[in-house]
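For reference, the chains in residue letters:
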Amino acid sequence: MGEKKKTTGKRVMILAAVWTLGAVIVLVAVFVLALFLFVKCSAAVADFSLPARDRADYAQRAGNFDGKGFHNERDFQIMLRGASPLDDGIVSGKETVPKDPIPVVRPDFHTALDPGDFSFTWLGHSTLLLRLREMNILFDPILTRLVSPVRFTGVKRFSDPPAAADDLPKIDLLILTHDHYDHLDYQTIRALDGKVERYIVPLGVEHRLRRFGVAPEKITKMAWWEEIAIGSLKIACTPARHFSGRCMLDRDKTLWCSFVLADEKRKIFVSGDTGYDAHFGRIRERYGDFDLVFTDGAQYDPRWPSVHMKPEEAFRAIGDLGAKYAVPIHWGAFRLANHPWDDSAVRLVRAAEGSAVSIITPRIGETVPFNSIERYRQRWYEDVR
Ligand SMILES: [Zn+2]
Ligand SMILES: [Zn+2]
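Definitions and cut-offs
Residues numbered from 1 in each chain as written. Chains lettered and ligands numbered in written order. Predicted model: local features only at pLDDT ≥ 70, side-chain atom pairs only at ≥ 80, totals over all residues. Helix = DSSP H or I, 4+ residues; strand = E, 2+ residues; numbered from the N terminus. Buried ≥ 20, exposed ≤ 12 C-beta atoms within 10 Å, placed from the backbone. Contact = placed C-beta atoms within 7 Å. Pairing = 2+ DSSP bridges. Axes fitted to C-alpha atoms, helices over the stretch in contact; angles between N-to-C directions. Domains from an automatic or database assignment. Core = buried A, V, L, I, M, F, W, Y, C linked by C-beta atoms within 7 Å. Parallel < 35°, antiparallel > 145°, perpendicular 65-115°, else oblique. Left-handed = near helix turned anticlockwise from the far one by under 90°. Nonpolar A, V, L, I, M, F, W, Y, C, P; charged D, E, K, R; others polar. Right-handed = clockwise from strand over helix to strand, strands pointing away.

(A) Quick look at the overall build of the chain. Along its length, the chain carries 7 helices and 16 strands. The C-alpha extent of the chain, read off along each of the three principal axes, is 95 × 55 × 45 Å. Out of the 385 residues belonging to the chain, those deemed buried represent 43%. Pairs at least 24 apart in sequence give 68% of the contacts found in the chain among residues at least 6 apart.

(B) Up close: the sheet that holds strand β2 (residues 128–132). Strands sit in the order β8-β7-β6-β3-β2-β1-β16 across an open sheet of 7 strands; the sheet is mixed. For this open sheet the edge positions go to β8 (219–222) and β16 (367–369), each flanked by a neighbour on one side alone. Across this sheet, the average inter-strand angle for adjacent strands is 20 degrees, counted without regard to direction. Across 4 bridges, strand β6 (residues 171–175) lies against strand β7 (residues 196–202) in parallel orientation. Opposite I171, over in β7, you have V196 as the bridge partner.

(C) Representation of the domain arrangement of the chain within the structure. Along its sequence, the chain is carved into domain 1 (2–46) and domain 2 (119–383). Domain 1 and domain 2 are separated by 44 Å when their C-alpha centres are compared.

(D) Broad picture of the sheet that holds strand β9 (residues 227–230). With mixed pairing, the 7 strands of this open sheet are ordered in space as β9-β10-β11-β12-β13-β14-β15. The open sheet has two free edges, formed respectively by β9 and β15 (358–359), since each of these has just one partner strand. Against the sheet, helix α6 (residues 311–320) touches β13 (292–295) and β14 (325–328), its axis set at about 150 degrees to β13.

(E) Local environment of the environment of F70. Tracing the chain through its elements places F70 in the loop between α2 (52–61) and β1 (119–122). According to the C-beta neighbour criterion, F70 is buried, with 24 such atoms within 10 Å. Remark: the alpha-carbon pair of F70 and F243, spanning 173 residues in sequence, is separated by 8.3 Å. Non-local contacts of F70, meaning those with residues more than four positions away in its chain, are made with A62, N64, F65, D252 and L255.

(F) Quick look at the nonpolar core. Residues L128, V293, I318, L321, A323 and A326 are the most contacted members of the largest nonpolar core, which totals 91 residues. Broken down by element, the residue count for this core peaks at 5 residues, all from helix α7 (residues 343–352). Excluding anything up to four places from it in sequence, I318 contacts V293, T295, A323, A326 and V357.

(G) Representation of the packing of α6 against α7 in the model. One way to put it is that α6 packs onto α7 with a least axis distance of 8 Å and a crossing angle of 50 degrees. When the axes of α6 and α7 are compared, the pair comes out oblique. α7 is crossed by α6, and the crossing has right-handed handedness. Note on element contacts: α7 touches α6 through S344, R347, L348, A351 and A352, opposite P311, E312, A314 and F315. Taken together, the residues of the contact of α6 with α7 break down into 6 nonpolar, 1 polar and 2 charged.

(H) Fine view of the pairing of β6. Within β6, 4 of the 5 residues are buried, which leaves it mostly tucked inside the rest of the structure. In the sheet, strand β3 (residues 135–139) pairs with β6 via 3 bridges, with the strands oriented parallel. The residue of β6 that forms the bridge with I137 is L173. For the handedness criterion, the β-α-β arrangement of β6, helix α3 (residues 186–192) and β7 is classed as right-handed.

(I) Fine view of unusual backbone geometry. If you check the backbone angles, R133 has positive phi at about 50 degrees while not being a glycine. Backbone geometry at H330 places phi at a positive 70 degrees, although glycine is not the residue there. Considering the arrangement of structural elements, one finds H330 in the loop between β14 and α7. You can call H330 buried: it has 29 C-beta atoms within 10 Å.

(J) Structural context of α6. With 7 of its 10 residues buried, α6 lies for the most part within the structure. Residues of α6 that are buried include every one of P311, E313, A314, F315, A317, I318 and D320, and no others. On its buried face, α6 is in contact with α5 (279–287), β13, β14 and α7.

(K) Region of the structure containing the environment of C257. Looking at the element boundaries, C257 is found in the loop between β10 (233–238) and β11 (258–262). Here the alpha-carbon distance between C257 and T238, two residues 19 residues apart in the chain, equals 5.7 Å. Those residues in contact with C257, other than ones at most four positions away along the chain, are T177, P202, W224, C237, T238, P239, A240 and G272.

The following block contains the structure:
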């Protein structure tokens, strides 16, 4: 009897010790993580103890800078309180992440183009490589498997990156639409910087790049409606309806935008992340009808209707821009919202049925020469569960 009591007592003590040890480990882990995030966040915030010179410069160039941060053209709310997360417009019956591997093409960045033609390669999510006028122009490059403030955890990529930084050709222009983690990635920038000639970024994002080790003389910063010319190619930074920041404390300290690329032969528009608004119509008023539009229209949710467009809104935006061809982007790699992984493409294609707009859906990594763009309407995602 006494032996049994002793054994039970021992067991209780061992259990208590294990629990205490477990609790201590969890507490230490939480503390270390909190400390790590605090340090990360302080670094992000430190970028924005803006020198008075920068503040004066932004205020002069950007009507939407109030001395502390940037804002949208009209009332904007990131999260609607009390809204349901259920989108009643969902069409695809698939999961938020594909069950099958997504077919990814290994890109060939050196295919010869017809004289005067240009091409683009969608590298998944919002990463695009344009070959235009003998230049390689790369937008929002993410070539990593994770988007996150930290290296050990984050949103995992569900399709393979089609290329590594080493595979990419020399980049004449690297253009960023804003500083969110799924558009600006430290590892990717570090890996690419050696082959990047020049960066074009919205106001404020130059501080991010400088912290990443990019030489300040390689960076051109732009406000909405500013233009630069490279030969006869005009690059304009144009509005978007979105927000910015890389931690809770640095919201809207940097600008977000869309871009227009125009020369005597063609007009291309890259929407950046954006909600639907009147800016599309005004961009067309200034630049005329577009030949090709790359548009956000994914990662939407009824709780954040101002932040991203639903596919039907993206179709409306394409109409506002007077575009002939449109390519849906901001999908195919990361699950950042609650909708089926291909819902954005399925609905955009459906919305455009019977209209004069052609929705182009190349596979990730596939190079599309503009002269044969009509061939790239295969709906490859239909065969992926
Ligand atoms: Zn964003
Ligand atoms: Zn995004």
